[in-house]
Amino acid sequence: MEQVIQLEKVNKWYDDFHVLKDIDLSVQRGQKIVVCGPSGSGKSTMIRCINRLEAHQKGQIVVHGTELTNDLKNIDMIRKNVGMVFQQFNLFPHLSVIDNISLAPIWVKKMPKKEAEDIAMSYLEKVKIPEQAQKFPGQLSGGQQQRVAIARSLAMNPDIMLFDEPTSALDPEMIKEVLDVMIQLAEEGMTMLVVTHEMGFAKTVADQMIFMDEGRIIEQATPDEFFNNPKSDRTKLFLSQILNH
Amino acid sequence: MTTFSNQSLMRNKYYNWIIKNLFSSWVNSLMTVVAIIFIYEVGTFFLNWAIFGADFRTNFQGEIISDRTLCSKNIMPGEYGACWAIIYARWDQFMYGFYPIEQVWRVNFVYALLPLAIIGILFDKLPYRKYFIYFTFIYPFLAYFMLYGGPGLSVVGTNKWGGLLVTLFLGVTGIGLAFPLSIILALGRRSKMPIVKSLCVVFIEFIRGVPLITLLFTANVMLPLFLPDGVNPDNLLRALVAVTLFQSAYMAEAIRGGLQAIPRGQIEAAQSLGLNYWQTTRKIILPQALKIAIPPIVNTCIGLFKDTSLVLIIGLFDLLGIGRAALADMTWTKLYYEVYVFISLVFFIFCFGMSRYSLYLEKKLKTDNS
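Residues numbered from 1 in each chain as written. Chains lettered and ligands numbered in written order. Predicted model: local features only at pLDDT ≥ 70, side-chain atom pairs only at ≥ 80, totals over all residues. Heavy atoms only, no water.

A tally of helices and strands in chain B yields 15 helices and zero strands. For a compact globule of 370 residues, the expected C-alpha radius of gyration is about 21 Å, and chain B comes in at 26 Å, more than 25% above that figure. Projected onto its principal axes, the C-alpha positions of chain B cover 75 × 70 × 40 Å. A burial count over chain B gives 41% of its 370 residues as buried. (Helix = DSSP H or I, 4+ residues; strand = E, 2+ residues; numbered from the N terminus. Rg over C-alpha atoms; globule rule 2.2 N^0.38 Å. Buried < 20%, exposed > 50% of the residue type's maximum accessible area, 1.4 Å probe, protein only.)

Below, the structure written as structure tokens:
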């Protein structure tokens, strides 16, 4: 199996606050990894380090054989291949849905406008909202916005997708439509790293579960192992809290 | 029958509105009555002065007014109407300053094309907008050539420019040049590069900490010191430099306010798609930030347009300067009200226009996006 992401002894501080402590992680092509843990455990920070939205201070992050350093060229190259979906969608409110999606192909990949819009439409069909193409993000529901955000990421044709709590800002009735798109994506073989508390989704999709607390990876196991036979007490406590309510 | 009931319904509607809003309590009623009396008194006084009892070209005896002694109010005791003849007599100066009268067509030409140069920027749904925008970029060079002269046109030095020409030249050029400069300053102030950032901060804070008059004096006296011998920019250019720097600092702060209002997530989303700094800035940040900053930006533009009248202090004759020169003329002296009211009206037309445009733009952008 080809290794696409490699984190080695990664450490990060916000001033005095030690957010990531000696994180080791390796992701193979096609793998789906779900990261969970209490808030403030560093899980979002970890995946944000992988496309350098945050800089780490110690250790090594290698994506597709390229080490992430301050070198802007490397960062740009990695970002082109790594898609990211945010909790707050972060669609561009001043652009229509289709412009949101075709923007990066046009400007980053220098694609002709027509071709980029065709690609944008094909991804809108994939997330099942082609009829919303001409609307502005503010006119869509949360679930529709998040699906546009996924389409926007996919339009750059990334081979890794990072999801940072993609359903946490959604009303309950909209969570499923977003998860369905993500499950479909997983079935197509996308490499995915997902921070989420949707344990049903994790059970369906994940190859590996990671539990983080206080900046450390506490437990890493297959979903079966993780849910039925967790090793650490903190994992057990967390699971009992999250599964019983 | 139906028309009658419709009418009475309408009347009822107005009646109800009046009762509800103007006479809801005795305090309100009292204030309404006082306000109406006040507006009536001031309004009739002003209209009588400015229009009904005023002299335009001729006085009440029908004589052409060629100097102030012929104004009705200076002949008939008790007459108080305005004597607009001074504006007629000095019209060319108000519009063109001391521009040679046989060359004035050049200024008129530039005035006439100004709306065409601006309209493309103002309205984004204009048909053939692209060509209007091309023209916007050609216009400054064309206008400069027409006004100053060059091959085929006699040279008219800027010391001959004046009145509305100077006011518009400083206002429009100042705003036009300050806009790109202010965007650079605002972005620089938020830059992560310490030297760029501190340069911008020092520039903005210095300019904002100094009155425009001081800048005008400084530009007038000190600019030649910084330039090589022999290069001696004329007064108008010096004033333009001062006005542009002043405006850019204020506009930069207005734009910075807009930049700060953009959520961090917008930048992260753009970065995660692989857009570089300039692409992110141009396509994502600025369109949103400028939209938010429209009201304060227009505010600074209106402020600057009015402040251009300060150049009379360094010896330039803008609209106000020409007005004061007219009053200093023994033929017309003491017609203060006429001159100042006229100048106010001209400034008001331009500033009110800017204000209305900003309202229109805010409304338009709001419906566009949500």
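Residues and elements named next belong to chain A. Counting buried residues along strand 8 (residues 191-195), five of its five residues qualify, which places the element largely inside the surrounding structure. Judged by which residues are buried, strand 8 turns out to be covered on both faces: Thr191, Leu193 and Val195 on one side and Met192 and Val194 on the other are all buried. Bridge analysis of strand 3 (residues 32-36) against strand 8 gives four bridges, and the strand direction is parallel. Across the sheet, isoleucine 33 pairs through a bridge with leucine 193, a residue of strand 8. Sheet topology note: the strand 7 (residues 160-164)/strand 8 ladder contains five bridges and is parallel. Paired with isoleucine 160 across the strands is threonine 191, a residue of strand 8. With respect to chirality, the unit in which strand 7 leads through helix 6 (residues 172-187) into the neighbouring parallel strand 8 is right-handed. (Pairing = 2+ DSSP bridges. Right-handed = clockwise from strand over helix to strand, strands pointing away.)

All names here are of chain B. On the surface, Met10, Tyr14, Tyr15, Trp17, Ile18, Ile19, Phe23, Val33 and Ile37 cluster together to form a nonpolar patch covering roughly 900 Å² of accessible area. Those elements that provide at least two residues to the nonpolar patch are helix 1 (2-22) and helix 2 (26-52). In terms of residues, the nonpolar patch owes the most to one element, helix 1, which gives six residues. Within the fold, tyrosine 14 resides in helix 1. Take tyrosine 14: its relative accessible area is 54%, and that puts it in the exposed class. (Patch = residues over 30% accessible without salt bridge, like charges linked within 9 Å, V, L, I, M, F, W, Y side chains within 5 Å. Areas by Shrake-Rupley, 256 points an atom, 1.4 Å probe, with all protein chains shown as cover. Salt bridge = Lys/Arg side-chain N within 4 Å of Asp/Glu carboxyl O.)

This paragraph deals with the side chain of glutamine 288 of chain B. The topology assignment puts glutamine 288 of chain B in helix 13 (residues 277-307). Only 2.9 Å separates the side chain of glutamine 288 of chain B from the side chain of glutamine 266 of chain B, close enough to count as a polar contact. Beyond its immediate chain neighbours, meaning those up to four positions away, glutamine 288 of chain B contacts Pro93 and His94 of chain A together with Ile262 and Gln266 of chain B. (Polar contact = N/O pair within 3.5 Å; in protein donor to acceptor, adjacent residues only side chain to side chain. Contact = heavy atoms within 4.5 Å.)

The next subject is the pairing of strand 4 (residues 58-63) of chain A. Residues and elements named next belong to chain A. Inspection of the sheet shows strand 1 (residues 3-14) paired to strand 4 by five bridges, in the antiparallel sense. Its bridge partner being in strand 4, glutamine 6 is matched across the sheet by valine 62. One ladder, built from two bridges, connects strand 4 with strand 5 (residues 66-67); its direction is antiparallel. By the bridge assignment, valine 63 is partnered in strand 5 with threonine 66. Linking strand 4 to strand 5, which pair antiparallel, is a turn of two residues; within it histidine 64 sits at a positive phi near 50°.

On to the nonpolar core, then. Core analysis: the largest hydrophobic core is formed by 132 residues, its most contacted members being Leu7 and Met46 of chain A together with Phe94, Tyr99 and Trp161 of chain B. Structurally, this core is a two-domain feature, drawing no fewer than three residues from each of domain 1 (13-85) and domain 2 (162-365) of chain B. Those residues in contact with tyrosine 99 of chain B that sit more than four places away from it in its chain are Val104, Arg106, Val107, Met146, Leu147, Val156, Lys160, Trp161 and Leu165 of chain B. The next biggest cluster of nonpolar side chains, apart from the first, holds 48 residues, and it includes Phe89, Val127, Leu140 and Ala221 of chain A. (Core = buried A, V, L, I, M, F, W, Y, C linked by side-chain atoms within 4.5 Å. Domains from an automatic or database assignment.)

Next up on the list: the state of the cysteines. Residue and element names in this part refer to chain B. Summed over the entire model, instances satisfying the criterion amount to one disulfide over all chains. The partner cysteine of cysteine 71 in its disulfide is cysteine 83, sulfur to sulfur 2.0 Å. Negative torsions about the S-S bond denote left-handed disulfides, and the value of about -70° found for cysteine 71 with cysteine 83 makes this one left-handed. One end of the pair, cysteine 71, is in the loop between helix 2 and helix 3 (72-75); the other, cysteine 83, is in the loop between helix 3 and helix 4 (85-89), and twelve residues separate them in sequence. (Disulfide = S-S within 2.5 Å.)

Attention now goes to the sheet that holds strand 5 of chain A. Taken together, four strands build an open sheet; the order of strands is 2-1-4-5 (chain A) and the sheet is antiparallel. Since the sheet does not close on itself, it has two edges, and those belong to strand 2 (17-28) and strand 5 of chain A, each with one partner.

Scanning the entire structure with this criterion turns up 21 aromatic pairs over all chains. Ring geometry for phenylalanine 123 of chain B and tyrosine 357 of chain B: centres 6.0 Å apart, planes at 90°, overall edge-to-face. Here the residue phenylalanine 123 of chain B occupies a position in the loop between helix 6 (104-122) and helix 7 (129-148), and tyrosine 357 of chain B occupies one in helix 15 (residues 336-369), the gap between them amounting to 234 residues. A ring pair is formed by tyrosine 131 of chain B and tyrosine 134 of chain B, whose centres lie 6.0 Å apart and whose planes are at 80°; its orientation type is edge-to-face. Residue tyrosine 131 of chain B and its partner tyrosine 134 of chain B are both found in helix 7; the two are separated by three residues, about one turn of the helix. With a relative accessible area of 52%, tyrosine 131 of chain B lands in the exposed category. Each member of the aromatic cluster is reached from another via a ring pair, and the members are Phe46, Trp49 and Trp84 of chain B. The ring centre of phenylalanine 227 of chain A lies 4.9 Å from the NZ or CZ of lysine 203 of chain A, which sits over that ring. (Phe/Tyr/Trp six-rings, centres within 6.5 Å; stacked < 30°, edge-to-face > 60°. Lys NZ or Arg CZ within 6 Å of the ring centre and 35° of its normal.)

Residues and elements named next belong to chain B. One way to put it is that helix 8 (residues 164-189) packs onto helix 11 (residues 235-260) with a least axis distance of 6 Å and a crossing angle of 45°. Considering the angle they form, helix 8 stands oblique to helix 11. Here helix 8 runs over helix 11; the crossing is right-handed. (Axes fitted to C-alpha atoms, helices over the stretch in contact; angles between N-to-C directions. Parallel < 35°, antiparallel > 145°, perpendicular 65-115°, else oblique. Left-handed = near helix turned anticlockwise from the far one by under 90°.)

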